[in-house]
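Architecture and fold: a report
Each chain, letter by letter, is given below.
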Amino acid sequence: MPKKAIIYDLDNTVYPVSSIGEKLFGPLFAIIEESGKHNDDMEAIKKAIMRTPFKLVAKRFNFSDELTQKGIELQTNLEYKDEIKTFDDYPEILNIPGNRFLVTTGFPVMQHSKITAMNIREDFNEIHVVDPVTTNNTKKDVFADILQRYNYTADEVIVVGDDPESEIAAAKALGITTVLYDKYSHQEQDLADYTIKHFKELKDIYLNS
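Residues numbered from 1 in each chain as written. Predicted model: local features only at pLDDT ≥ 70, side-chain atom pairs only at ≥ 80, totals over all residues. Heavy atoms only, no water.

**A word on the pairing of strand β1 (residues 5-8)**
Note the threshold: Think of it in three bands: residues with accessible area under 20% of the maximum for their type are buried, residues over 50% are exposed, and the middle band is partly exposed, with areas taken using a 1.4 Å probe on protein chains only. In this text, helices come from DSSP runs of H or I with a minimum length of four residues, and strands from runs of E with a minimum of two, each type numbered from the N-terminal end. Paired strands are those between which DSSP finds at least two bridges.
Burial along β1 is two-sided: the residues Ala5 and Ile7 and Ile6 and Tyr8 are all buried. Bridge count for β1 against strand β2 (residues 99-105) is 4 bridges, and the pairing is parallel. Bridge pairing links tyrosine 8 to leucine 102 in β2. Pairing geometry for β1 and strand β4 (residues 157-161), over 4 bridges, is parallel. When the sheet's bridge partners are listed, alanine 5 is paired in β4 with valine 157.

This is the structure we're talking about:
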């Protein structure tokens, strides 16, 4: 069945978080270091924060309730105000027909500031930021809502993202075709239906899968 829409993740799918991570998360890294309890894990924590929602990172590394709350309060109003460059192949998605949706998990102020910094807001029919601090909704809930409101069947949609445990797993649970964007071969997984390194590859999947 012909595809009608693609749902994209944001972080590490539209742009590399590593390009802004130290600047954006500098204040957060500072309060973690100031706690004095995680110095041995700081490099691993930094990498995780650039790829994973903060509450999951806090749980994984056994942050205290106090440190977790400080981190949440800090990030609630954290903005990125400088330019952010998308991946060099990002413009290729504009050559693919159909509707485009952007679905990301994170703190709304922060996520929307990044979207504004990239000047990509007009590239999407809808943009959704799932805030795990204030809602129990997940990406799966957003995907299901998009299918219902647009009267799409699962096989008319593709979900593209970099995280097998997040958007890929959520889409698979709904029967949606999944594409893992693994630009730098960081992932070792067999969960997604397809794996690409360049968005040029996505058009063929969209038109022929």
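**Observations concerning the pairing of β4**
Rule in force here: Orienting the strands away from the viewer, one traces the path from the first strand over the helix to the second; a clockwise path indicates a right-handed crossover.
Taking burial as the measure, the 5 residues of β4 include 5 buried ones, the bulk of the element. Along β4, one buried face is formed by Val157, Val159 and Gly161 and the opposite face, lined by Ile158 and Val160, is buried too. As defined by bridge partners, β4 adjoins strand β5 (residues 177-181) across 4 bridges and the pair is classed as parallel. Residue pairing for β5: valine 160 is matched across the bridge by valine 179. Of the crossover connections in this fold, the one passing from β4 over helix α8 (residues 164-173) to the parallel β5 is right-handed.

**Thoughts on the layout of surface pockets**
To be explicit about the condition: Of the grid points, spaced at 1 Å and generated over the protein atoms alone, those admitting a 1.4 Å probe that cannot get out make up cavities, while open sets with protein on both sides within 12 Å along at least five of seven lines make up pockets; any residue with an atom within 4 Å of a point is treated as lining. Grid points are joined across faces, edges and corners, and a volume is the space filled by probe spheres set on the points. Note that Gly is not counted as nonpolar here; it falls among the polar residues with everything else outside the nonpolar set of Ala, Val, Leu, Ile, Met, Phe, Trp, Tyr, Cys and Pro and the charged set of Asp, Glu, Lys and Arg.
Estimates place the volume of the largest pocket at around 860 Å³. Every residue lining the largest pocket is counted, 37 residues in all, and those nearest its centre are Arg51, Thr52, Pro53, Leu56 and Asp163. With 5 residues, α8 is the single largest residue contributor to the lining of the largest pocket. Each residue belonging to the lining of the largest pocket can be placed in one class, and the counts come to 15 nonpolar, 11 polar and 11 charged. The computed volume of the second largest pocket comes to approximately 320 Å³. What lines the second largest pocket is a set of 15 residues, and nearest its centre among them are Asn12, Ser18, Arg51, Tyr184 and His186. For the lining of the second largest pocket, the per-class residue count stands at 6 nonpolar, 4 polar and 5 charged.

**Here's the deal with the packing of helix α2 (residues 26-34) against helix α5 (residues 65-76)**
Note the cut-off: Angles shown run from 0 to 180 degrees and are taken between the N-to-C directions of axes, each axis being a line fitted to C-alpha atoms and, for helices, limited to the stretch in contact. Roughly parallel means an angle under 35 degrees; roughly antiparallel, over 145; roughly perpendicular, 65 to 115; everything else is oblique. Left-handed is the label given to a crossing in which the near helix is rotated counterclockwise from the far helix by less than a right angle, and right-handed is the label when the rotation is clockwise. Contacts: residue pairs with any heavy atoms within 4.5 Å of one another.
Relative to each other, α2 and α5 sit at 165°, their axes nearing to 10 Å. For the element pair α2 / α5, the angle class is roughly antiparallel. Read as a crossing pair, α2 and α5 show a hand that is right-handed. Contact residues: Pro27, Leu28, Ile31 and Ile32 in α2; Leu67, Lys70, Gly71, Leu74 and Gln75 in α5.

**Here we look at the nonpolar core**
Stated precisely, the cut-off is as follows: Put simply, buried Ala, Val, Leu, Ile, Met, Phe, Trp, Tyr and Cys residues joined by side-chain atoms within 4.5 Å make one nonpolar core.
Among the nonpolar cores identified, the biggest contains 48 residues, and Tyr8, Phe25, Ile120, Val160 and Leu202 are the most heavily contacted of them. Ranked by size, the runner-up nonpolar core spans 16 residues in total, among them Ala5, Ile146, Val157 and Ala170.

**Considering helix α9 (residues 200-208)**
This is how the line gets drawn: Taking the helix axis as origin, the arc is that swept by the directions to the C-beta atoms.
Residues of α9 that are buried include every one of Leu202, Ile205 and Tyr206, and no others. Along the long axis of α9, the arc covered by the buried residues comes to 100°, so they all point the same way. When the buried face of α9 is taken as reference, the exposed residues oriented beyond 90 degrees from it are Lys200, Leu207 and Asn208.

Everything listed here is a matter of coordinates, which is why it stays silent on function.
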